[in-house]
Amino acid sequence: MNTRHPEDATPLPTAAPGVQLQPAAYEKLLDALRGSIARLAADEPFERLVVPPVISRATIERAGFAASFPQLLGTVHSYGGSPAEWRRLSPLIAEDGPWHARQEISDLVLLPAACYPVYAGLAGRELAEPVRYSVEAQCFRQEATAEPGRLRSFRMAELVTAGTPEHCQDWREHWLRKVADWLDGLGLKAAVELADDPFFGGGRKLYQAAQRAQELKFELRVPVADGLVQAIASANIHKDHFGEVFEFTADGATGHTACTAFGLDRIALALLHAHGTRPADWPEQIGNALHNGTAPNGD
C-alpha cells in the first residue's frame, strides 16, 4: 500500500468490487456529515436509532423489497449440521472445494436500507400524533457494477416519519426543499429528478406508472466522479404501503409514511470530487457550512 498524505480522504479499493476501505480523513468527513444532518434536523423531535446491519428476512419479504429487488438482496446463510459432518467438510476450504454446499438460508438478510426496521417497529400501533425517527445503518446491496459510488457496502442515514397522509405529504415536500438547500450550501448543486425505481413491491412496470402519476420518489443527483452523476439523497413518500403491510394506523385510518435518505458515502464522494481529496484544504465557506451551518435559508 502506497504512502498517503494523512489528510487524503480518498477511499481505497479492496479485492471485493464495491467494498472500500475508508482512511481516517474520510471517516472524519462522514462524522462531519452526520453532525451537519443532525443540525439540519434539530427543530423536529426525531428519536435517534442506530440500526444493525442485518434484519429479519420475514420483515424484508413482508415490506416488499424481496419482490422488487431480489437481485440486490444479500442473504445470510449458515451451516446447521453436526460438528462431525463439518469435520468432513472443512478440509474442502484448503482445496477450494464446495465447503459451503451445506449452507442454508437463515432468518436474516443483510439490511438493504436503514428505514425498514422502523416500519416493522410500528406494527399494530395507533399513532395519536406523527412519529419521527433518525436512523443510520451499514447497508448492503448486490450491485451489478462497481463504478464509483455504486457500493455494495455503504452507510445510509435516514429521517423517517409516519402519520396522516397530509402530514407525510407536507413533510416530504418540506424536506425535499431543505435537503436541496443544504447540498447547495455545501457547493453541490443538485438536480432534483423524479425517480422510477420501485421502493417496494408490486411489479416494476406497474410501480413506474404509479410513480410517475403520484411522484412518490424524488432523487437529488450530483456528479460523484468525472462524467458520472448519481443520486446522493432522496425524498420519498410511500403513502399507505407500510401502514397496510405492518397494520398501523394514524388518526383512525391506515398510517402513511415518508422518509428522507442520505447516502453518506455518495455525499462524501461528491464533496471530494467537487472540492478536492483533502477536506482540510477546502474553501472556508464549505468547511463552515459543513461544520457549523444549516440550510442557507435557515429552513
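Residues numbered from 1 in each chain as written. Predicted model: local features only at pLDDT ≥ 70, side-chain atom pairs only at ≥ 80, totals over all residues. Heavy atoms only, no water.

S.K.: Help me understand unusual backbone geometry, please; the structure alone is not making it clear to me.
M.R.: Negative phi is the rule for most residues except glycine; trans is the rule for most peptide bonds. You will see that Lys239, though not glycine, has its phi angle at about 50 degrees, which is positive. Overall, the relative accessible area of 26% leaves Lys239 in the partly exposed class. One non-glycine residue, Glu247, lies in positive phi territory at about 55 degrees. Residue placement: Glu247 occurs in the loop between helix 9 (241-246) and strand 13 (249-250). (Buried < 20%, exposed > 50% of the residue type's maximum accessible area, 1.4 Å probe, protein only. Helix = DSSP H or I, 4+ residues; strand = E, 2+ residues; numbered from the N terminus.)

S.K.: Please explain the packing of helix 1 (residues 24-40) against helix 7 (residues 165-185) as it appears in this structure.
M.R.: When two helices pack together, their arrangement is captured by the angle between the axes and the distance separating the axes. Two elements in contact, helix 1 and helix 7, have axes separated by 12 Å at closest approach and are oriented at 135 degrees. With respect to their mutual orientation, helix 1 and helix 7 come out oblique. As helix 1 runs across helix 7, the sense of the crossing is right-handed. In this structure, helix 1 uses Leu33, Ser36, Ile37 and Leu40 to contact helix 7, whose residues at the interface are Trp175, Lys178 and Trp182. For the contact of helix 1 with helix 7, the class distribution of residues is five nonpolar, one polar and one charged. (Axes fitted to C-alpha atoms, helices over the stretch in contact; angles between N-to-C directions. Parallel < 35°, antiparallel > 145°, perpendicular 65-115°, else oblique. Left-handed = near helix turned anticlockwise from the far one by under 90°. Contact = heavy atoms within 4.5 Å. Nonpolar A, V, L, I, M, F, W, Y, C, P; charged D, E, K, R; others polar.)

S.K.: Looking at this structure, how should I read the pairing of strand 12 (residues 228-239)?
M.R.: The side chains of a regular strand alternate between both faces of the sheet. Most of strand 12 is tucked away, with ten of its twelve residues classed as buried. Here strand 11 (residues 217-225) pairs with strand 12 via eight bridges, running antiparallel. Paired with Arg221 across the strands is Ala231, a residue of strand 12. Where strand 11 hands over to strand 12, the hairpin turn is made up of two residues, of which Gly227 adopts a positive phi near 70 degrees. Note that strand 12 and strand 15 (residues 256-263) share six bridges and pair antiparallel. The partner of Ala235 across the bridge, within strand 15, is Thr260. (Pairing = 2+ DSSP bridges.)

S.K.: Sorry if this is basic, but what is going on with the pattern of salt bridges here?
M.R.: Note on pairing: side chains with opposite charge can pair once their charged atoms come close. Taken as a whole and judged by the stated rule, the model has 16 salt bridges. For Arg102, the salt bridge identified is with Glu85, shortest N-O distance 3.7 Å. One end of the pair, Arg102, is in the loop between helix 5 (91-94) and strand 6 (103-110); the other, Glu85, is in helix 4 (residues 83-89), and 17 residues separate them in sequence. Residue classification places Glu85 among the partly exposed positions, given a relative accessible area of 25%. Between Asp265 and Arg155 there is a salt bridge whose closest N-O contact spans 3.7 Å. Taken together, the residues span a long stretch of sequence, with Asp265 in helix 10 (residues 264-275) and Arg155 in strand 9 (residues 153-163) at a distance of 110 residues. There is no split in this pair, since Asp265 and Arg155 are both buried. Here the residues in one salt-bridge network are Asp31, Arg34, Arg48 and Glu136, joined through shared partners. (Salt bridge = Lys/Arg side-chain N within 4 Å of Asp/Glu carboxyl O.)

S.K.: Whenever I open this one, the nonpolar core confuses me. Can you help?
M.R.: Nonpolar side chains in soluble globular proteins generally cluster together in the buried interior. Core analysis: the largest hydrophobic core is formed by 47 residues, its most contacted members being Leu33, Trp182 and Phe262. Here this core gets eight residues from one element, more than from any other, and that element is helix 1. Sequence-distant contacts of Phe262, defined by excluding residues within four places in its chain, comprise Ile37, Arg155, Met156, Ala157, Leu159, Val179, Trp182, Ile232, Ala233 and Ile267. Counting 33 residues, the second largest nonpolar core, distinct from the first, contains Ala113, Tyr133, Phe242 and Phe248. (Core = buried A, V, L, I, M, F, W, Y, C linked by side-chain atoms within 4.5 Å.)

S.K.: Hey, could you run me through helix 11 (residues 284-291) in this one?
M.R.: The periodicity of an α-helix, 3.6 residues per turn, causes residues three or four positions apart to be oriented the same way. Those residues of helix 11 lying buried are Ile286, Ala289 and Leu290. Down the axis of helix 11, the buried side of the element spans an arc of 95 degrees, and every buried residue falls inside it. Opposite the packed face of helix 11, turned more than 90 degrees from it, sit the exposed residues Glu284 and Gln285. Where helix 11 is buried, its residues touch helix 1, helix 7 and helix 10. (Arc of directions from axis to C-beta.)

Geometric values such as these leave the question of function open.
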